[in-house]
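For reference, the chains in residue letters:
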Amino acid sequence: VNARLQRFLFALVTLPLLLVAAARTQQTGPVVPLPDPLPILGTNEQRVRISALKGFSFPWALAFLPDGDILVTERPDNPYVGKPGYQPQIYALGIRNALGLILHPRTSELMDAEHGPLNGDEVNFIEAGHNYGWPVISYGRAYGGNLTQGGSGPERAEPCAPGMDQPFLFWAPNIMPGGMTYYTGDRFPAWKDNLFISGLGSTQLHRVVFNGRGLPTRRESLLTELKQRIRDVRQGPDGLLYMVTDSADGALLRLEPVAGG
Ligand SMILES: [Ca+2]
């Protein structure tokens with residue numbers, strides 16, 4: 001374990017809030033408390049490798065996305081514990097660069113918002129032992145425009161394969177998701193139980209509306225006039241929405257309903 005990683009882990013043990021801030025500068029994902037209660041950390045940090053975690057014992061579980069393609073924890077009930085050919089830390093497979101990672105506030109289900117290549121951004125409900133497809137299948141294509149080739153596209157031209165989960169939501173063109181929040185507050189009654197995803201390259205706050213059975217029915221791009229990369233969106237204890245923009249002159253934004261509007 002290199003010194004950098006040790007410092008990283010020490011910070012995680014002692015200063016979880018600072019970790020979130022520090023992690024953002026390393027382009028890592030958010031820390032999400034699990035119900036059991038164990039923290040889970042998503043990251044696309046290439047330099048934090050699973051192999052670097054061997055021999056390190058944690059008082060709680062971690063989840064890493066070392067190359068943006070798998071999610072791992074050290075929970076003893078992980079689905080791949082004892083299975084030949086699999087690292088026991090693996091929780092789910094086939095996840096690509098998940099910058100958004102939350103627990104659904106009503107069901108405690110783990111959800112990710114992840115970047116596809118050229119198109120194919122996704123939101124998934126992450127279940128233990130499931131495979132979410134990358135790099136085999138995707139609704140995106142290679143950055144050069146080819147469906148599969150070029151090293152950046154999926155392996156298969158068709159976007160589905162046996163044993164691999166379809167995304168709950170996908171986008172073309174991409175919204176380039178940052179953070180995500182499922183709104184349960186009372187300050188925006190029309191937005192209750194909507195999903196909000198911050199858009200980085202798409203410079204928007206993306207809203208997803210669901211029907212009574214939780215199926216997506218409508219999508220809307222908000223705040224596009226700001227022309228700001230929005231790094232994360234959260235619901236505050238006051239029921240308002242807070243966002244941080246992603247730039248050298250970044251700002252913390254609070255979204256409030258207009259009186260009488
Ligand atoms: Ca997928």
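Residues numbered from 1 in each chain as written. Predicted model: local features only at pLDDT ≥ 70, side-chain atom pairs only at ≥ 80, totals over all residues. Heavy atoms only, no water.

Undergrad: Please explain the overall build of the chain as it appears in this structure.
TA: When helices and strands are counted, the chain shows 2 helices and 15 strands. For the chain, the residues scored as buried account for 48% of the 261 residues in total. Put simply, 43% of the contacts in the chain that link residues at least 6 apart link residues at least 24 apart. Element-wise, carbon and sulfur atoms account for 55% of the exposed surface of the chain, whose accessible area totals about 12,800 Å². (Helix = DSSP H or I, 4+ residues; strand = E, 2+ residues; numbered from the N terminus. Buried < 20%, exposed > 50% of the residue type's maximum accessible area, 1.4 Å probe, protein only. Contact = heavy atoms within 4.5 Å. Areas by Shrake-Rupley, 256 points an atom, 1.4 Å probe, with all protein chains shown as cover.)

Undergrad: Explanation requested: the sheet that holds strand 15 (residues 252-255) in the structure shown.
TA: Neighbouring strands of a sheet are bound in pairs by backbone hydrogen bonds; such pairs are parallel or else antiparallel. Here 3 strands make up an open sheet; going across it, the order is 13-14-15 and the pairing antiparallel. Either end of the sheet is taken by a strand with one partner, and the two such strands are strand 13 (230-235) and strand 15. Averaged over all adjacent pairs, the angle separating strand axes in this sheet is 20°, with direction ignored. Pairing of strand 13 with strand 14 (residues 241-245), which is carried by 5 bridges, proceeds in the antiparallel orientation. Across the sheet, the residue bridging to Asp232 is Val244, located in strand 14. (Pairing = 2+ DSSP bridges. Axes fitted to C-alpha atoms, helices over the stretch in contact; angles between N-to-C directions.)

Undergrad: So what exactly am I meant to see when it comes to the coordination of the calcium ion here?
TA: Angles at a metal have ideal values that depend on geometry: 109.5 degrees with four tetrahedral donors, 90 or 180 degrees with six octahedral donors. At 2.3 to 2.6 Å from the calcium ion lie its protein donor atoms, namely Glu122 (OE), Glu122 (OE) and Tyr132 (O). One end of the pair, Glu122, is in strand 7 (residues 121-126); the other, Tyr132, is in the loop between strand 7 and strand 8 (169-171), and 10 residues separate them in sequence. Taken individually, Glu122 and Tyr132 each receive the classification buried, so the pair is uniform in this respect. (Donors = N, O, S within 2.8 Å, 3.2 Å for Na, K, Ca; no water.)

Undergrad: Just checking my understanding: could you explain the confidence of the model for the chain for this structure?
TA: Atomic detail in the predicted coordinates should be set aside for any region of low pLDDT. Here the chain shows a mean pLDDT of 76. Residues at 70 or above account for 69%. Counting contacts from residues 43-69, a segment whose pLDDT is below 50, to residues more than four positions away or on other chains yields 83 contacts. (pLDDT = per-residue confidence, 0-100.)

Undergrad: Before we go on, may I ask you to explain the packing of aromatic side chains in this structure?
TA: Counted by the stated rule, this structure contains 8 aromatic pairs. Aromatic pair Phe125 and Phe168: ring centres 4.9 Å apart, planes at 75°, arrangement edge-to-face. Of the two residues, Phe125 sits in strand 7 while Phe168 sits in the loop between strand 7 and strand 8, which places them 43 residues apart along the sequence. Owing to a relative accessible area of 24%, Phe168 belongs among the partly exposed residues under this scheme. An angle of 65° between the planes, with centres 5.8 Å apart, marks the rings of Tyr183 and Phe188 as edge-to-face. Each member of the pair, Tyr183 as well as Phe188, is classed as buried. (Phe/Tyr/Trp six-rings, centres within 6.5 Å; stacked < 30°, edge-to-face > 60°.)

Undergrad: Is there a simple way to explain the pattern of salt bridges in this structure?
TA: Side chains carrying opposite charge are able to pair once their charged atoms draw close together. Under the criterion given, the structure shown has 6 salt bridges. Across the salt bridge formed by Lys192 and Asp186, the nearest N and O atoms sit 2.6 Å from each other. With relative accessibility at 33%, the residue Lys192 sits in the partly exposed group. Glu256 serves as the salt-bridge partner of Arg254, at 2.7 Å between the closest nitrogen and oxygen. (Salt bridge = Lys/Arg side-chain N within 4 Å of Asp/Glu carboxyl O.)

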